[in-house]
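Residue strings, one per chain:
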Amino acid sequence: SYDEEVGCLGAPPMIERMLKNGPKPRAVVVGEPSKMKVVTGHKGITFIVTEVTGHAVHSSQLHRGVSAISVAAKLISWIDAQTQKNRETCDPENGFDPPYTTLHCGVIHGGAAHNITASECIFETDIRTVPGDVGREWVARYKDYIEKEILPPMKAISPNCAVTIREMANVPGLAPEENGDAENLVRSLTGDNGTHLVVFATEGGQFQERGLSTVICGPGSIDQAHKPDEFIEIAELAKCDQFIAGLCSKLA
């Protein structure tokens, strides 16, 4: 596959080809870093970009303009409030850390000068959903809030004001399966009988969404990912070699 790091765009067409041309896989093992433990669940991710178009005026005439930055601030406050609500209503025993869906603004750009109301502001939002929570449903709630609460006062000042949402990625979570083929197979090869969940997203949920039994198992740890001198210990690679050799032997 490809683009696993950003939007997981490569797996869906590959899965379509697999299911169309057959035979249907009995089990899928996604080789993300799990220290060769059997990971049966992970959070999903939805990545959106919000572009706010305001109405620029001199700041001395603030009441005649619409600051795209001020509107973005209201939207980001709404986003943060949803995370707090999720924290208060989640199941703390679901095995995830944190055990709730999180919404987070990670990048923001906007404005031209201190004395001009910003005509444009763009920010990026990352939504990490627990299995069973749907990213697109969160986007729909966000859009509904914008339509009802944000756009009317903006357009009352200028009809050219707008808020545009672009969905860049939408990857479902992976939920533990009851007596799943992939889990049983990988446990028999690794000897791992523990319960392991991760909060980072993988292509695993995309395979499971199409009816394929899926687990995560691979060398290394997410603790070393996306850092200077990223590494995988040689001992982890040796475990992976043993796993692949065992898989080949079992399927021979």
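Located above this text is the structure these notes cover.
Residues numbered from 1 in each chain as written. Predicted model: local features only at pLDDT ≥ 70, side-chain atom pairs only at ≥ 80, totals over all residues. Heavy atoms only, no water.

Thoughts on the overall build of the chain
Applied cut-off: Segments assigned H or I by DSSP are reported as helices when at least four residues long, segments assigned E as strands when at least two residues long, and all are numbered from the N terminus. Throughout, exposure labels follow a simple rule: accessible area from a 1.4 Å probe, protein chains only, divided by the maximum for the residue type, with under 20% read as buried, over 50% as exposed, and the rest as partly exposed. We call two residues in contact whenever any of their non-hydrogen atoms come within 4.5 Å of each other.
Looking only at helices and strands, the chain has six helices and eight strands in total. What you see in the chain, going N to C, is helices and strands ordered as α-β-β-β-α-β-β-α-β-α-β-α-β-α. In terms of overall dimensions, the chain has C-alpha extents of about 75 × 40 × 35 Å along its principal axes. Within the chain, the proportion of its 252 residues that are buried is 41%. Restricting to contacts in the chain with at least 6 residues of sequence separation, those with at least 24 account for 80%.

A look at the environment of Ala238
Mapped onto the elements, Ala238 comes out in helix α6 (residues 234–251). Taking C-alpha positions, Ala238 is 8.8 Å from Pro219, a pair spaced 19 residues apart along the chain.

Some points on the packing of helix α2 (residues 68–89) against helix α3 (residues 135–157)
Axes are the key here: two packed helices are described by the angle between their axes and the distance separating the axes. What counts, and what does not: What counts as an axis is a line fitted to C-alpha atoms, over the stretch in contact for a helix, and the angles between N-to-C directions run from 0 to 180 degrees. Note on convention: near helix rotated counterclockwise from far helix by under a right angle means a left-handed crossing. Clockwise means right-handed. Classification used: nonpolar for Ala, Val, Leu, Ile, Met, Phe, Trp, Tyr, Cys and Pro, charged for Asp, Glu, Lys and Arg, polar for all others including Gly.
At their nearest, the axes of α2 and α3 sit 11 Å apart, and the two run at 145° to each other. The element α2 and its partner α3 pack so that their crossing is right-handed. Side by side, α2 and α3 meet where Val71, Lys74, Leu75, Trp78, Ile79, Gln82 and Asn86 of the first sit next to Trp138, Arg141, Tyr142, Tyr145, Ile146, Ile150 and Met154 of the second. Tallied by class, residues from the contact of α2 with α3 come to ten nonpolar, two polar and two charged.

A closer look at the side chain of Thr101
What counts is decided by this rule: Each polar contact in these results corresponds to two N or O atoms within 3.5 Å; when the atoms are within protein, one needs to be able to donate a hydrogen and the other to accept it, and residues that are neighboring in sequence are counted only if both atoms are side-chain atoms.
Of note, Thr101 is situated in the loop between α2 and β4 (102–110). Residue classification places Thr101 among the buried residues on the basis of a relative accessible area of 2%. From its side chain, Thr101 meets the backbone nitrogen of Val130 in a polar contact 3.2 Å long. In this structure the side chain of Thr101 is engaged in a polar contact, spanning 2.6 Å, whose partner is the side chain of Asp133.

Remarks on the environment of Pro176
On the secondary structure map, Pro176 appears in the loop between β6 (162–171) and α4 (181–190). A sequence separation of 30 residues divides Pro176 from Ile146, and the C-alpha atoms of the two residues are 35 Å apart. Setting aside anything within four residues of it in sequence, one finds Pro176 in contact with Thr40, Gly41 and Leu197.

Points about α3
Put simply, the rule reads: Expected span of a helix, by definition, is 1.5 Å for each gap between consecutive residues, and there is one gap fewer than residues. One axis is fitted to the seven residues ending at the residue and one to the seven starting there. The bend at that residue is the angle between these axes.
Between its first and last C-alpha, α3 extends 32 Å over 23 residues, near the 33 Å set by a 1.5 Å rise per residue. At Leu151, α3 shows its maximal kink, close to 50°; a proline, Pro152, follows between one and four residues later. For α3, the complete set of buried residues consists of Gly135, Trp138, Val139, Tyr142, Ile146, Ile150, Leu151 and Met154. Residues of α3 that are buried in the fold lie against β3 (44–53), α2, β4, β5 (120–129) and β6.

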